Amino acid sequence: QVQLAESGGGSVQSGGSLRLSCAVSASTSRPWCMAWFRQAPGKEREGVAYITDRGTSIYADSVKGRFTISQDNAENRLYLQMNSLKTEDAAMYYCAAGGVGGRCALVRGLFSYWGQGTQVTVSS
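Now for a look at the structure at hand. Quantities reported herein were computed from a predicted structural model and do not represent experimental measurements.

Rules used throughout
Residues numbered from 1 in each chain as written. Predicted model: local features only at pLDDT ≥ 70, side-chain atom pairs only at ≥ 80, totals over all residues. Heavy atoms only, no water. Salt bridge = Lys/Arg side-chain N within 4 Å of Asp/Glu carboxyl O. Buried < 20%, exposed > 50% of the residue type's maximum accessible area, 1.4 Å probe, protein only. Helix = DSSP H or I, 4+ residues; strand = E, 2+ residues; numbered from the N terminus. Pairing = 2+ DSSP bridges. Axes fitted to C-alpha atoms, helices over the stretch in contact; angles between N-to-C directions.

Thoughts on the pattern of salt bridges
Argument step 1. Counting across every chain of the model gives four salt bridges.
Argument step 2. The partner of E46 in a salt bridge is R38, and the shortest N-O contact between them spans 2.8 Å.
Argument step 3. For E46, a relative accessible area of 37% gives the class partly exposed.
Argument step 4. Taking the shortest distance from any N to any O, the salt bridge between R66 and D89 comes out at 2.7 Å. Remark: D89 occurs in the loop between β8 (77-82) and β9 (91-98) and R66 occurs in the loop between β6 (57-59) and β7 (67-72); sequence separation between them is 23 residues.
Argument step 5. Within the structure, one salt-bridge network assembled from shared partners comprises R38, E46, R66 and D89.

Now the structure itself:
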């Protein structure tokens, strides 16, 4: 079992920054694949970025160069640094853990555990 809890969401102006945090509580070993997804009203949940236990990270094209995913294994936390925020970045952001079939990709079905989400609002 893995429990995830996001924090750090808030309201910012376009061009501003936020850092999201996800506390990870695992009953056994740490998840080897973790990710951030987001969902805006009326849209499907989409992948933002993921990182493996080896440090490999992948980003959606829409956030490359602006967002950075990282993890602190000692503190059991996952982070998402978001810079140069745009109005289209506004969404509920979710932390996810898993990796079905030993694969990591920005696909919802590959992740078994999800947090409750933290809201990010970007105003113009």
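A few points about the sheet that holds β8
Argument step 1. Taking strand neighbours across the sheet as the criterion, the four strands line up as β1-β3-β8-β7 in an open arrangement whose pairing is antiparallel. Strands with a single pairing partner mark the edges of an open sheet, and in this sheet they are β1 (2-7) and β7. Pairs of neighbouring strands in the sheet enclose a mean axial angle of 15 degrees, with direction left out of account.
Argument step 2. Relative to β8, β7 runs antiparallel, the two being bridged by six bridges. Residue pairing in the sheet places I69 in a bridge with L80 of β8.

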